[in-house]
Amino acid sequence: MSVAPPSYCFVAFPPRAKDGLVVFGKNSARPRDEVQEVVYIAAADHEPESKVECTYIAIDQVPRTHAIVISRPAWLWGAEMGANEHGVCIANEAISTREPAPENEALLGMDLVRLGLERGATAKEAFDVIVSLLEEHGQGGNYYEDGNLCHTFQSAYLIVDREEAWVLETIGKHWAAEKITEGVKCICNQLSITSKIDAEHPELRSYAEGQGWWTTDQEFNFSEVFSQADDHLGCCSGKDSLEKQEESITVQTMMNILRDKASGVCVDSDSFLTTASIVSVLPQGGSSPCIHYFTGTPDPSRSIFKPFIFVDDVKLVPKVQSPCFGEDDPAKKEPRFLEKPDRRHELYKAHEWARAVIESDEDQGHKLMETMLDLEKQGLEAMESILSSTDPMDPTEVADLFYDCVDTEIKFFK
């Protein structure tokens, strides 16, 4: 059985988060050489009875899909994490459980992230979309671009909006969920739901009983029932990083947590690397916009978080999108993954140079990081001005926001 990569995602609600803001964050730990791209997809209307081609299977399309911005491994259709125009954010975690995930191709957990964002205008709507599609189509197929071995996992999700969050953890088509409206929450590559279950698959307990994993005279503790032996102790490093914060949690706090290699939250091992990261801030009151910060590059401790705001006529950013290989893509042809094409986008290639400098020249690397963080700070201060302003935001002023930040970063590296 494949080992699930040690990713982490977080949410903080007021009063632990500052100024009536919900703060969401995720590090995506994936195979070291995998490229992630950041893609904006506009809202769209679809023809009746049309289909949507997900990573491995096609399913029925809905009449209208919401605008989304996602960070995804460049070879697949879905997303590791992202947000939609209504202020819904979703992150996915691959998890290992006592029931192995099937190898047969179905929906990936990452497909369900994108489908939830495209179809849910609230966290609860997105949650309902995911469990409905999970029960209808199941989950399965290779999580990695690997032609030699099929790596399969069950999935967990953190689904967040301005008012609440849902932790959804799945075992095949069965699932349990916990609702969060205050405090902080971390999920990782282990099951975290215990006996506080706010919603569940109607056959979850009978299924566990039928497998001989639980009896009706016991308390039903989801993690204990479905985890591998001694694997239900919680993702301590991520949880501790968030809970030990003495001051109110801000966007900067969340970025600092995601950059922390000592805690294990920022993964940099022989097998896995944090290949992309996101931080989102969702204002609870008033008309302030949600702001989503993406790296689009590996290792947040050596990357810049760049802001994105949903408005009409968002300018597309091809410099952070990978090459398209169409029907010749080895991920789309069967047998799959016989080749691995170069999926690096322009920002990724520029960032490779920066990482090489940081690793090889301590003095120059230190100066480089100072300049990178200064660029990021300018963006954070500009976004703080938007959130604190009593005047309505001018959409035309931020339509090019993410484009300009990516362009500036690339020019700086050159």
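So, a few notes on the structure that sits alongside this text. This is a predicted model, so every value here is computed, not measured. (Residues numbered from 1 in each chain as written. Predicted model: local features only at pLDDT ≥ 70, side-chain atom pairs only at ≥ 80, totals over all residues. Heavy atoms only, no water.)

### Overview of the overall build of the chain
Move 1: Broken down by element type, the chain carries 10 helices and 18 strands.
Move 2: What you see for the chain is a C-alpha radius of gyration of 20 Å, in line with the 22 Å of a compact globule of 414 residues.
Move 3: Across its three principal directions, the C-alpha atoms of the chain cover 60 × 50 × 50 Å.
Move 4: Here the chain holds 414 residues, and the buried ones make up 58% of them.
Move 5: For the chain, the share of sequence-separated contacts (at least 6 apart) that also reach a separation of at least 24 residues comes to 69%.
Move 6: Per element, the accessible surface of the chain, about 17,400 Å² overall, is 46% carbon and sulfur. (Helix = DSSP H or I, 4+ residues; strand = E, 2+ residues; numbered from the N terminus. Rg over C-alpha atoms; globule rule 2.2 N^0.38 Å. Buried < 20%, exposed > 50% of the residue type's maximum accessible area, 1.4 Å probe, protein only. Contact = heavy atoms within 4.5 Å. Areas by Shrake-Rupley, 256 points an atom, 1.4 Å probe, with all protein chains shown as cover.)

### A look at the nonpolar core
Move 1: Grouped together as the largest cluster of nonpolar side chains are 87 residues, with contacts concentrated most on Phe10, Leu158, Phe220, Phe222, Phe226, Val279 and Tyr293.
Move 2: Counting 46 residues, the second largest nonpolar core, distinct from the first, contains Leu117, Tyr157, Leu168 and Ala199. (Core = buried A, V, L, I, M, F, W, Y, C linked by side-chain atoms within 4.5 Å.)

### Some remarks on the side chain of Arg259
Move 1: Tracing the sequence through the fold places Arg259 in the loop between α6 (251–258) and β16 (272–283).
Move 2: The class for Arg259 is buried, based on a relative accessible area of 13%.
Move 3: A polar atom in the side chain of Arg259 sits 2.5 Å from the side chain of Glu376.
Move 4: Setting aside residues up to four positions removed in sequence, Arg259 forms contacts with Gln252, Cys266, Pro300, Ser301, Ser303, Ile304, Phe305, Leu373 and Glu376. (Polar contact = N/O pair within 3.5 Å; in protein donor to acceptor, adjacent residues only side chain to side chain.)

### Re the sheet that holds strand β12 (residues 165–171)
By definition, the strands of a sheet pair up through backbone hydrogen bonds, in either a parallel or an antiparallel sense.
Move 1: The sheet built from eight strands is open, its strands ordered β3-β8-β9-β10-β11-β12-β13-β15 with antiparallel pairing. Whereas interior strands pair on both sides, the edge strands pair on one side only; in this sheet they are β3 (36–41) and β15 (199–200).
Move 2: Relative to strand β11 (residues 154–160), strand β10 (residues 89–95) runs antiparallel, the two being bridged by seven bridges. Bridge pairing in β11 links Ile90 to Ile159.
Move 3: Sheet contacts for helix α2 (residues 123–137): β10, β11, β12, β13 (174–180) and β15; angle to β12, the most-contacted strand, approximately 10 degrees. (Pairing = 2+ DSSP bridges. Axes fitted to C-alpha atoms, helices over the stretch in contact; angles between N-to-C directions.)

### Observations concerning the sheet that holds strand β2 (residues 21–31)
Move 1: Taken in spatial order, the six strands of this open sheet run β14-β1-β2-β16-β17-β18, and their pairing is antiparallel. Of all the strands in the sheet, the pair left with one neighbour each is β14 (184–187) and β18 (306–308). Ignoring which end each strand starts from, the neighbouring axes of this sheet average 15 degrees apart.
Move 2: For strand β1 (residues 8–12) and β2, the ladder comprises five bridges, and the chain directions are antiparallel. When the bridges of β2 are listed, Cys9 appears paired with Lys26.
Move 3: Contacts from helix α8 (residues 362–388) reach β16, β17 (291–294) and β18 within the one sheet, and its direction differs from that of β17 by about 170 degrees.

### Details of the packing of aromatic side chains
Move 1: Under the defined criterion, the tally for this structure stands at 17 aromatic pairs.
Move 2: Between the aromatic rings of Tyr40 and Phe308, the centroid separation amounts to 5.8 Å while the plane-to-plane angle is 40 degrees, which identifies the pairing as tilted. With Tyr40 in strand β3 and Phe308 in strand β18, the pair connects residues that are 268 residues apart, well separated along the chain. As far as burial versus exposure is concerned, Tyr40 and Phe308 are alike and both buried.
Move 3: Each ring, one from Trp75 and one from Phe337, has its centre 5.2 Å from the other, and the planes form 85 degrees; the classification is edge-to-face. Remark: Phe337 occurs in the loop between β18 and α7 (346–360) and Trp75 occurs in the loop between β8 (68–73) and β9 (81–84); sequence separation between them is 262 residues.
Move 4: We classify Trp75 as buried; its relative accessible area is 6%.
Move 5: The residue whose ring lies beneath Arg355 is Tyr348, and the NZ or CZ to ring-centre distance is 5.9 Å. (Phe/Tyr/Trp six-rings, centres within 6.5 Å; stacked < 30°, edge-to-face > 60°. Lys NZ or Arg CZ within 6 Å of the ring centre and 35° of its normal.)

### Thoughts on the pairing of β12
Sheet faces and side chains relate simply in a regular strand, where the side chains alternate between the two faces.
Move 1: The buried fraction of β12 amounts to seven of the seven residues, a majority that puts the element mostly inside the structure.
Move 2: A two-sided burial pattern is seen for β12, the buried positions comprising Ala165, Val167, Glu169 and Ile171 on one face and Trp166, Leu168 and Thr170 on the other.
Move 3: As paired strands, β12 and β13 are joined by seven bridges and run antiparallel to one another. Bridging from a neighbouring strand, Trp166 pairs with Lys179 of β13.
Move 4: The loop that links β12 with its antiparallel partner β13 comprises two residues; one of these, Gly172, has a positive phi angle of about 60 degrees.

### Thoughts on unusual backbone geometry
Move 1: A cis amide bond links Pro14 with the next residue in sequence, Pro15, at an omega value of 5 degrees.
Move 2: By secondary structure assignment, the location of Pro15 is in the loop between β1 and β2.
Move 3: The linkage connecting Glu334 with the following residue, Pro335, adopts the cis geometry, with an omega of -5 degrees.
Move 4: Relative to the helices and strands, Pro335 is located in the loop between β18 and α7.
Move 5: Unusually for a residue other than glycine, Asp19 sits at a positive phi of about 55 degrees.
Move 6: For Asp19, a relative accessible area of 59% puts it in the exposed group.
Move 7: Phi is positive for Asp313, close to 60 degrees, though the residue is something other than glycine.
Move 8: Turning to its location among the elements, Asp313 is positioned in the loop between β18 and α7.

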